[in-house]
Amino acid sequence: MITVALNASHYLHQSGKRIPTSLLPAGYPELQASEWFFNNRIARYTQEILVQDYGCKVVRCDDVTGETSPTLSARAARANDAKADCFITIDHNAGTSIGNQTGIEIFAKKQADVKSIQLQKTVYEETVKLTGLIGRSNPLPFENWAVLTLAKMPAILCEFGFMNGTKDSKIIITNEFALNCALGIVNALVKIYGLKKIENNEGEIMQIVDELKNRNNVVNAVKSRLAGSPSQAEIDTAIKNNVLEILEYLIVNKTTSAQVMKEYELAKQAGITDGTNYGMPATRLQVALMAYRTMFKPPQP
Ligand SMILES: [Zn+2]
């Protein structure tokens, strides 16, 4: 498992760093034209995918509310303190005049280490593959930006297109572009650090269902639940009568941690569920009832 430091540059209220109003669709919310809004959206997607799908640790070096702007050295310090494996700063280019500037560019510092250069190149390739946003004559420049020189680990700074570009601004405001940039960053990290997708619950449950297609496994599971040494007839009856219970026992035992079961007990005490069928899928009616009980805490009938 690696630790990734993500830095969405600037903050929500920074003047000048935004898509110019004349390039925005009518009625587009002003604050959502801020560069930090776009930087943060890519950072958030990247964080979600890295944590949920790859079990990585992610440290955010900006203020995730967007209300304040930590200094550049404070941002680098957060990455250094977390001993992050890499430090990725997310930006969008902002030129002074509206024009046809276009394309992603990824910076590393001058005389960068091999890993930074590998990050720079791979993040560029993977994000361009998904977004098609090319157009710079030198898309892999080297500059001594403070966040790159202050970082003690491999570090890059990404400029995901031009907010003052007539073509790029239309692309930058879309969720799809942000998600593709995030997926491109993640794909690059998968390649460089050999990240492996974590098994989710669904995968584990399908594995159990597969195991249960073998009757011997079912019999063994039932035997382990029946006291003494049950006869074949008793086992058959138990399977017939308790098939759902057996299934939920297996699913819950294989997929649920002790901590989650403790919380489930608390949920029972709070009246959210009566505790039956705890390993089985819920119907919409059951989900609605549980949500209702959570929100309104009605007296129990
Ligand atoms: Zn910027």
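Above this note sits the structure.
Residues numbered from 1 in each chain as written. Predicted model: local features only at pLDDT ≥ 70, side-chain atom pairs only at ≥ 80, totals over all residues.

**Focus: the overall build of the chain**
Assigned secondary structure in the chain consists of 12 helices and five strands. When the 301 residues of the chain are sorted by exposure, 30% land in the buried category. Taking the intrachain contacts of the chain between residues at least 6 apart in sequence as the baseline, contacts between residues at least 24 apart amount to 78%. (Helix = DSSP H or I, 4+ residues; strand = E, 2+ residues; numbered from the N terminus. Buried ≥ 20, exposed ≤ 12 C-beta atoms within 10 Å, placed from the backbone. Contact = placed C-beta atoms within 7 Å.)

**Observations concerning helix α2 (residues 72-81)**
Within the sequence span of α2, burial applies to R75, A76 and A79. Buried residues of α2 fall within an arc of 95 degrees about the axis and therefore sit on the same side. Away from its buried face, by an angle of more than 90 degrees, α2 presents the exposed residues S73 and D81. Of the surrounding elements, those touching the buried residues of α2 are β1 (3-8), β2 (57-60), β3 (86-93) and α4 (146-150). Immediately beyond the C-terminal end of α2, within one or two residues, lies K83, with a positive phi of roughly 50 degrees. (Arc of directions from axis to C-beta.)

**Looking at the pairing of β2**
Regular strands place their side chains on alternate faces of the sheet. Where β1 lies against β2, four bridges are found, and the strand directions are parallel. Its bridge partner lying in β2, V4 is registered against V58. The handedness of the β1 to β2 crossover, carried by helix α1 (residues 35-54), is right-handed. (Pairing = 2+ DSSP bridges. Right-handed = clockwise from strand over helix to strand, strands pointing away.)

**Details of the sheet that holds β2**
A sheet is described by the order of its strands in space; here five strands give the open sequence β2-β1-β3-β5-β4, paired in mixed fashion. Every other strand in the sheet has two partners, leaving β2 and β4 (104-107) as the edge strands with one partner each. Taken over all neighbouring pairs, the strand axes of this sheet differ in orientation by 20 degrees on average, direction set aside. Against the sheet, α2 makes contact with β1, β2 and β3, and its axis sits at roughly 170 degrees relative to β1, the strand it touches most. (Axes fitted to C-alpha atoms, helices over the stretch in contact; angles between N-to-C directions.)

**Notes on the environment of A182**
When you line up the elements, A182 lands in helix α6 (residues 175-193). What makes A182 buried here is the crowd of 24 C-beta atoms within 10 Å. Spatially, the C-alpha atom of A182 lies 8.1 Å from that of I49, the residues being 133 residues apart in sequence. When sequence neighbours within four positions are dropped, the list of residues in contact with A182 reads I42, Y45, T46 and I49.

**A short note on the pairing of strand β5 (residues 155-162)**
With respect to burial, β5 is a largely interior element, eight of its eight residues being buried. Sheet analysis places β3 next to β5, joined by six bridges and oriented parallel. Within β5, the residue paired with I90 across the bridge is C158. The pairing of β4 with β5 spans four bridges and is classified as antiparallel. Residue I106 lies in a different strand from β5, and its bridge partner there is C158.

**Details of the packing of helix α3 (residues 114-131) against α6**
Two numbers describe how α3 lies on α6: the axes approach to 8 Å, and their chain directions differ by 140 degrees. If you check the angle between α3 and α6, you find them oblique. Of the two elements, α3 crosses α6, and the hand of that crossing is right-handed. Counting all contacts with α3, which are made through Q118, L119, T122, V123, E126, T127, K129, L130 and T131, the residues of α6 involved are F177, N180, C181, L183, G184, I185, N187, A188, K191 and I192. (Parallel < 35°, antiparallel > 145°, perpendicular 65-115°, else oblique. Left-handed = near helix turned anticlockwise from the far one by under 90°.)

**A closer look at unusual backbone geometry**
Its identity as a non-glycine residue notwithstanding, H10 has a phi of 70 degrees, on the positive side. Mapped onto the elements of the fold, H10 is located in the loop between β1 and α1. The backbone of K83 shows a phi angle near 50 degrees, a positive value even though the residue is not glycine. Along the chain, K83 falls in the loop between α2 and β3.

**Thoughts on the environment of I42**
Here I42 is to be found in helix α1. The class for I42 is buried, based on 27 C-beta atoms found within 10 Å. Spatially, the C-alpha atoms of I42 and A178 are 5.0 Å apart, while their sequence positions differ by 136 residues. Not counting the four nearest positions on each side in its chain, I42 is found in contact with I90, F160, A178, C181 and A182.

**Some words on the environment of H10**
Accessibility expressed as a C-beta count within 10 Å gives 21 for H10, which makes it buried. Measuring from C-alpha to C-alpha, the distance between H10 and D62 comes to 7.8 Å, with 52 residues separating the pair along the chain. Sequence-distant contacts of H10, defined by excluding residues within four places in its chain, comprise K17, E35, W36, N39 and S69.

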